[in-house]
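One letter stands for each residue in the lines below.
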Amino acid sequence: MIKTLMVQGTASHVGKTILASGICRSLLKEGLKVCPFKPQNITSNIIALPNDEVISYAQCLQAKACNILPDACMNPVAISVVGKNVDFIIRGKVIHHGSFSDYYKLLPIMKEAIIDSYLSLSKHYDCIVVEGAGSPVEINRLGDDISNMWFANYFQIPVILVGNMEYGGGFASIAGTFELLEHSSFSLIKGFAFNKYNGNKELLNKGIKYIESRYGKKFLGALPYIEKLNIPEEDTLYQANNLTNANQYSNLDLSYSFERLAHYISKNIDLNFIM
């Protein structure tokens, strides 16, 4: 059976794209045929593929980490911001131009595209690394968020919850996410990890013990801040609908950076507990 792992974050900007890219490369180094996947992405950074389909920057980056060509199925739903309006992109093609309020009438079509795309990819790969979007517990989006727990629940996919320690509040964001998770989703979280931690790891022990004891979720590790990694995160790109800007990153040779990232992940994140 296909092995799938999902990376969800406590918020945007916590490093989900980079962590998922590193996990892709780590699994590739173990001899697995790996593929990235993101059910839905709201982004201004999309890349045109040779077949005139478009895909979000993040999954193009992760495809590079897997040493495979990007495919629109890797990001079946992309919502691209165009001024005050949005393009709804399904499997690489714009199917609707309108406002965010159109999301709800398009929801059945988007769900179908996500399910079909994942099943299609699962026939060709040993492992799929899925990236969530934003936070899985935005209470204003309960029932219509197809980026996170809806997808994980549908296919019963184990989840790593990631928080960012760079700006503080890492433990609070992990605990807050666990408190707000619906009961049906809670069991899918197999552990939690931190990104961009520069301090003495012994200083985390008290917080780790609290989270593990209160919520029964294993601490999987803390990825340090990696100097000069040179892998642009999607959220740091110039925020405009600009294919040229995104393409300049897609053409970079990032092999050395992916190897460094995979090394740090293997040393600091316990993937074996989940995989």
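Residues numbered from 1 in each chain as written. Predicted model: local features only at pLDDT ≥ 70, side-chain atom pairs only at ≥ 80, totals over all residues. Heavy atoms only, no water.

K.L.:
Run through the sheet that holds strand 8 (residues 93-98), naming residues and quoting values.
P.N.:
One open sheet accounts for four strands, arranged 3-6-7-8; its pairing is mixed. Both edges of this open sheet fall to strand 3 (40-43) and strand 8, since each of them pairs with a single strand only. The sheet shows a mean angle of 20 degrees between the axes of neighbouring strands, direction not considered. Both strand 7 (residues 85-90) and strand 8 contribute to a ladder of five bridges, which runs antiparallel. Looking at the pairing, D87 lines up with H97 of strand 8. Running over the sheet, helix 3 (residues 103-122) touches strand 3, strand 6 (77-82), strand 7 and strand 8 and is turned about 25 degrees from strand 7. (Pairing = 2+ DSSP bridges. Helix = DSSP H or I, 4+ residues; strand = E, 2+ residues; numbered from the N terminus. Axes fitted to C-alpha atoms, helices over the stretch in contact; angles between N-to-C directions. Contact = heavy atoms within 4.5 Å.)

K.L.:
Got a sec to walk through the sheet that holds strand 1 (residues 3-9)? Specific residues and values, please.
P.N.:
On the basis of which strands lie adjacent, the open sheet formed by six strands has the order 2-9-1-10-11-12 and parallel pairing. In this open sheet, the two strands that pair with only one neighbour each are strand 2 (34-37) and strand 12 (218-223). Between one strand axis and the next, the sheet turns by 25 degrees as a mean value, whatever way the strands run. Contacts between helix 3 and the sheet are confined to strand 1, strand 2 and strand 9 (127-131), with strand 2 contributing the most and set at about 170 degrees to the helix.

K.L.:
Lay out the pairing of strand 1 in plain terms, naming residues and giving numbers.
P.N.:
Look at any regular strand and the pattern is simple: side chains alternate between the two faces of the sheet. For strand 1, the buried fraction is high: six of the seven residues fall into the buried class. Direction of pairing for strand 1 relative to strand 9: parallel, over a ladder of five bridges. Across the sheet, residue M6 finds its bridge partner in strand 9, namely V130. Summarising the sheet, strand 1 and strand 10 (residues 159-164) pair through four bridges and their orientation is parallel. Within strand 10, the residue paired with G9 across the bridge is V162. (Buried < 20%, exposed > 50% of the residue type's maximum accessible area, 1.4 Å probe, protein only.)

K.L.:
For the pattern of salt bridges, give the residues involved together with the corresponding values.
P.N.:
Going through the model one piece at a time under the given rule, you end up with eight salt bridges. The partner of K38 in a salt bridge is E131, with the nearest N and O atoms 3.2 Å apart. Of this pair, K38 sits in the loop between strand 2 and strand 3 while E131 sits in strand 9; the two residues are 93 residues apart in sequence, bridging distant segments of the chain. A single burial state applies to K38 and to E131, both of which are buried. One salt bridge connects K105 with D102, and the closest N-O pair in it is separated by 3.8 Å. (Salt bridge = Lys/Arg side-chain N within 4 Å of Asp/Glu carboxyl O.)

K.L.:
I'd love a proper account of the nonpolar core, names of residues and values included.
P.N.:
Membership of the largest hydrophobic core comes to 81 residues, with the highest contact counts inside it found for I23, M110, I160 and F178. The dominant element in this core, judged by the number of residues it contributes, is helix 3, at eight residues. In contact with I160, other than residues within four places in its own chain, are L5, M6, V7, Q8, I23, G191, A193, L220, L271 and I274. (Core = buried A, V, L, I, M, F, W, Y, C linked by side-chain atoms within 4.5 Å.)

K.L.:
Tell me about helix 9 (residues 255-268), and please be specific about residues and values.
P.N.:
Owing to its 3.6 residues per turn, the α-helix brings residues three or four apart onto one side. With 14 residues, helix 9 ought to run about 20 Å at 1.5 Å a step, and its terminal C-alpha atoms sit 20 Å apart, in line with that. Every buried residue of helix 9 is listed here: S257, F258, R260, L261, A262, I265 and N268. On its buried face, helix 9 sits against helix 1 (16-29), helix 2 (57-65) and strand 12. (Expected span 1.5 Å × (residues − 1).)

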